[in-house]
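Residues per chain are reported as follows:
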Amino acid sequence: MATPKKHRRIPDGVNGIQINFCKNPLCTNFGIPAPESRGAVPGGIGSYTLIGFSGRGRVLSCQLCKRTSVLRSNLAISQELIRFNPSDYRHQNASCPDESCDSFGMGPTQFPQLYYKHGVTRRGEPRFRCKRCGSTFSCGAQIREQRKPELDGEVLKLLVNKVPMRRICEVLDINPATLYGKLGFLSEIMTSFSLIQEKKFEDGLVDLKRTYVSIDRQDYFLNWGTQFDRRNIRLGATVAADNETGYIFAAQLNFDSTVNAEDIEADAIARGDYDLPPAYRHYARLCLRRDFEDDGITDEKSTVDTDSELPDLEVKAPHSGMQVHLEHTQYALIFRLKALLKSVEKVRLFVDRDPGLDSACIGVFAERVTARTTDVFVVQTAKNLTMQGKKKLVSQVNRELSNFKKNFPDIEEKNLRHQLVVHRLQAFQAESERSSWFSYPLSDMADPNKSIQYQTDFKDYDIDHLARLYMKATLRGVDRFFMQVRRRISILERPLATANNANRRWHGYGAYSPLVVERALAIFKVYYNYCLVGEDGCTPAMRLGLTVQPMSIDDFCNR
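Residues numbered from 1 in each chain as written. Predicted model: local features only at pLDDT ≥ 70, side-chain atom pairs only at ≥ 80, totals over all residues. Heavy atoms only, no water.

A. Focus on the packing of helix H8 (residues 326-340) against helix H9 (residues 357-364). Contact geometry of H8 with H9 gives a least axis separation of 9 Å together with a crossing angle of 40°. One element, H8, and the other, H9, form an angle in the oblique class. The element H8 and its partner H9 pack so that their crossing is right-handed. Across the interface between the two elements, Gln 330, Tyr 331, Ile 334, Phe 335 and Lys 338 from H8 touch Leu 357, Ser 359, Ala 360, Cys 361 and Val 364 from H9. By residue class, the composition of the contact of H8 with H9 is 7 nonpolar, 2 polar and 1 charged. (Axes fitted to C-alpha atoms, helices over the stretch in contact; angles between N-to-C directions. Helix = DSSP H or I, 4+ residues; strand = E, 2+ residues; numbered from the N terminus. Parallel < 35°, antiparallel > 145°, perpendicular 65-115°, else oblique. Left-handed = near helix turned anticlockwise from the far one by under 90°. Contact = heavy atoms within 4.5 Å. Nonpolar A, V, L, I, M, F, W, Y, C, P; charged D, E, K, R; others polar.)

B. Just the nonpolar core, in detail. Counting 132 residues, the largest nonpolar core has Phe 201, Ile 215, Phe 249, Leu 337, Leu 349, Ile 491 and Tyr 530 as its most contacted members. Looking at this core element by element, the count peaks at 10 residues for helix H15 (residues 514-530). Beyond its immediate sequence surroundings of up to four residues, Tyr 530 is in contact with Phe 193, Ser 194, Gln 197, Tyr 247, Thr 539, Ala 541, Leu 546, Thr 547, Pro 550, Met 551 and Phe 556. (Core = buried A, V, L, I, M, F, W, Y, C linked by side-chain atoms within 4.5 Å. Buried < 20%, exposed > 50% of the residue type's maximum accessible area, 1.4 Å probe, protein only.)

C. Representation of the pattern of salt bridges in the model. Tallied over the entire structure, the rule returns 31 salt bridges. For the salt bridge of Arg 285 with Glu 80, the shortest nitrogen-to-oxygen distance reads 2.9 Å. Taken together, the residues Arg 285 in the loop between helix H6 (261-271) and helix H7 (289-293) and Glu 80 in helix H1 (residues 74-82) connect sequence positions 205 residues apart. Pair check on accessibility: Arg 285 and Glu 80 agree, each one buried. A salt bridge links Arg 372 to Asp 375; the nearest nitrogen and oxygen atoms lie 3.2 Å apart. Just as Arg 372 is buried, Asp 375 falls in that class too. Three or more residues are tied together by salt bridges with common partners; here these are Glu 80, Arg 83, Asp 256, Arg 285 and Glu 518. (Salt bridge = Lys/Arg side-chain N within 4 Å of Asp/Glu carboxyl O.)

D. How the structure looks around the sheet that holds strand S7 (residues 210-222). Spatially, 7 strands are ordered S9-S8-S7-S12-S13-S15-S14 in an open sheet, and the strand pairing comes out mixed. Every other strand in the sheet has two partners, leaving strand S9 (248-253) and strand S14 (438-439) as the edge strands with one partner each. Sheet analysis places S14 next to strand S15 (residues 451-454), joined by 2 bridges and oriented antiparallel. Within the sheet, the bridge partner assigned to Phe 438 lies in S15 and is Ile 452. (Pairing = 2+ DSSP bridges.)

E. Layout of the confidence of the model for the protein chain. Averaged over all residues, the pLDDT of the protein chain is 85; the fraction at 70 or higher stands at 86%. Ranking the helices and strands of the protein chain by mean pLDDT puts strand S12 (residues 346-351) first, with 97, and strand S16 (residues 496-497) last, with 62. Under a pLDDT of 50 for its full length, residues 295-313 has, in the predicted model, 55 contacts with residues more than four places off or in other chains. (pLDDT = per-residue confidence, 0-100.)

F. How the structure looks around the packing of H1 against H8. Following both chains from N to C, one finds H1 and H8 inclined at 60°, their axes separated by 8 Å at the closest point. As summarised for this structure, H1 and H8 are arranged oblique, according to the angle between their axes. H8 is crossed by H1, and the crossing has right-handed handedness. Each of Ala 76, Ile 77, Glu 80 and Leu 81 in H1 lies in contact with H8, whose residues at this interface are His 328, Thr 329, Tyr 331, Ala 332, Phe 335 and Arg 336. In the contact of H1 with H8, the residues fall into 6 nonpolar, 2 polar and 2 charged.

G. Looking closely at unusual backbone geometry. Unusually for a residue other than glycine, Lys 162 sits at a positive phi of about 65°. Position of Lys 162 relative to the elements: it lies in the loop between helix H3 (152-159) and helix H4 (165-172). Lys 162 gets classed as partly exposed once you look at its relative accessible area, which sits at 29%. Notably, Lys 459 is not glycine yet its phi reads approximately 60°, a positive angle. If you trace the backbone, Lys 459 turns up in the loop between S15 and helix H13 (463-472). By relative accessible area, which is 60% here, Lys 459 ends up exposed.

H. How the structure looks around the packing of aromatic side chains. Across all of its chains, the model carries 20 aromatic pairs by this definition. Between the aromatic rings of Phe 350 and Phe 377, the centroid separation amounts to 5.4 Å while the plane-to-plane angle is 45°, which identifies the pairing as tilted. Of this pair, Phe 350 sits in strand S12 while Phe 377 sits in strand S13 (residues 374-380), and the two are 27 residues apart along the sequence. Accessibility classification places Phe 350 together with Phe 377 in one group, the buried group. Taken together through their ring pairs, the aromatic side chains of Tyr 212, Phe 350, Phe 377, Phe 428, Phe 438, Tyr 454 and Tyr 470 make up a single cluster. In this structure, Lys 131 packs its charged tip against the face of Tyr 116, placed 5.0 Å from the ring centre. (Phe/Tyr/Trp six-rings, centres within 6.5 Å; stacked < 30°, edge-to-face > 60°. Lys NZ or Arg CZ within 6 Å of the ring centre and 35° of its normal.)

I. Looking closely at the sheet that holds strand S6 (residues 136-138). Taking strand neighbours across the sheet as the criterion, the 3 strands line up as S4-S5-S6 in an open arrangement whose pairing is antiparallel. Edge positions in the open sheet fall to strand S4 (115-120) and S6, since each of these has one partner strand only. Direction aside, neighbouring strands of the sheet carry axes that sit 30° apart on average. In this sheet, S6 lies alongside strand S5 (residues 126-130) in antiparallel orientation, the contact comprising 3 bridges.

J. Spatial organisation of H6. Every buried residue of H6 is listed here: Ile 264, Glu 265 and Ala 268. Buried residues along H6 cover an arc of 100° about the axis, so they all sit on one side. On the buried face of H6, the contacting elements are H7 and strand S11 (322-323). Measuring from the side-chain oxygen of the N-cap residue of H6 to the backbone nitrogen of Glu 262 gives 3.0 Å; that N-cap residue is Asn 260. Once H6 ends, the next one or two residues include Gly 272, with phi positive near 80°. (Arc of directions from axis to C-beta. Polar contact = N/O pair within 3.5 Å; in protein donor to acceptor, adjacent residues only side chain to side chain.)

K. Expanded view of the pairing of strand S8 (residues 233-242). The buried count for S8 comes to 10 of 10 residues, which makes it a mostly enclosed element. A two-sided burial pattern is seen for S8, the buried positions comprising Ile 233, Leu 235, Ala 237, Val 239 and Ala 241 on one face and Arg 234, Gly 236, Thr 238, Ala 240 and Asp 242 on the other. Here 10 bridges tie S7 to S8, and the two strands are oriented antiparallel to one another. Bridge pairing links Ser 214 to Ala 241 in S8. Two strands pair when backbone bridges link them, and S8 and S9 are joined in this way by 5 bridges, in the antiparallel orientation. Looking at the pairing, Ala 237 lines up with Leu 253 of S9. Hairpin geometry of S8 and S9 is characterised by an intervening segment of 5 residues between the two adjacent antiparallel strands and by a positive phi of about 85° at Gly 246.

Here it is as structure tokens:
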């Protein structure tokens, strides 16, 4: 086993990413990274203390405001960010296919001197020839040809209308291998189309002055494949949605199907990764075998920016590919969101109360938070409330509005709800010892018992402006997408937990392969944005101005 190299005090910045700094917007150290070299700054701006945190790596403590946050690997975030562009990711990871060759694992992106250019494929993807062994390969997609292409549209139509995988095979008279190949083909062409459209955001071609984005996570439990090991595979999808138009800016599953777990595990041991704190590891992005065996890791909610998603004893590693640490997927998704919205004047982020998600938003958008062009709110609601309970809350709100109108008869009807929020905010701000959570007075069926925590409050907004922002605070955009995922994709429907299975999840139509979940989610994200029409006759992409009419299934299959 190799002796691990002596690491720097703080993980190195990578490709302009350095996320290890104080996440308190009101602190002088906010946005100022801790020194990467050893030897702490003794007090003042840029002064931090490292605290050992057994089982979860190291914690960075700001000496000015005493706020703590877990150290993150900038390399892992950078590596995960590339996955949002599958083509770039394939190019970076492609190498000589001969495992006995010395160039195996050393791709032409990092080691161009090891390869000759060898033309292009029929789809225009570059090909290379290894100088050492003569093997040729391309950086393109693995799926090059389609058998029975006339069935692609039927597969897509059945998939997004909650037809189970086996029933799709039965209806179309195809075998599972053909079906899974078509899912790979569809996810590839639909994702490529979406990336081309979203380039308009990065180029400033979308006229969007303000955007209100909701961010949340949804977990998927995969069925076990053998009676001898009934542990589930649990994956999490983090999604960012525009609340006004419903457009899904980004959706990413914390699973990488392109890596080989056995090779990574062997190399991690050889590099001494297990002897290093998580943020300093070469493979910090990926969940290694011992991460699943550590029974000290939980899903606890905490005010400290902690690792939250690592599995417990009843969850196992995927049988192919590797699971990605959720916090790196979340950071990468928010960096992707920042790139898409760089031309938008005002960005308001509304996040669920997942551990670390709010601090990730504040950290990634730190420059914009300081410039007052981005604000972050945490939103929580009573999600488990019954329909009867929700209706009771709505009745209470209506009664309170009536009473408020009686007490302030001069208020116009159209401003009544706004003025009630203003009134409550004034009382909230006047409390000498108040909670950081504001109890929103206008509960409805979608957001019952809503509480809001304003994370980037610089006390610079007047009460009317602040009330309007609180009235915009909701997770409806992302919640609607998650609801449609459950209703329209059979393998992603919520599983059942039963007592006789020790609360393990099982669903008769559930997925067994993480790769299928990855492809189905990628397909549905694009279908939701460009094909699914709302009551106004428009798709989310049409509301944003990306397209002028709904896309049909044939538009994708005939590309």
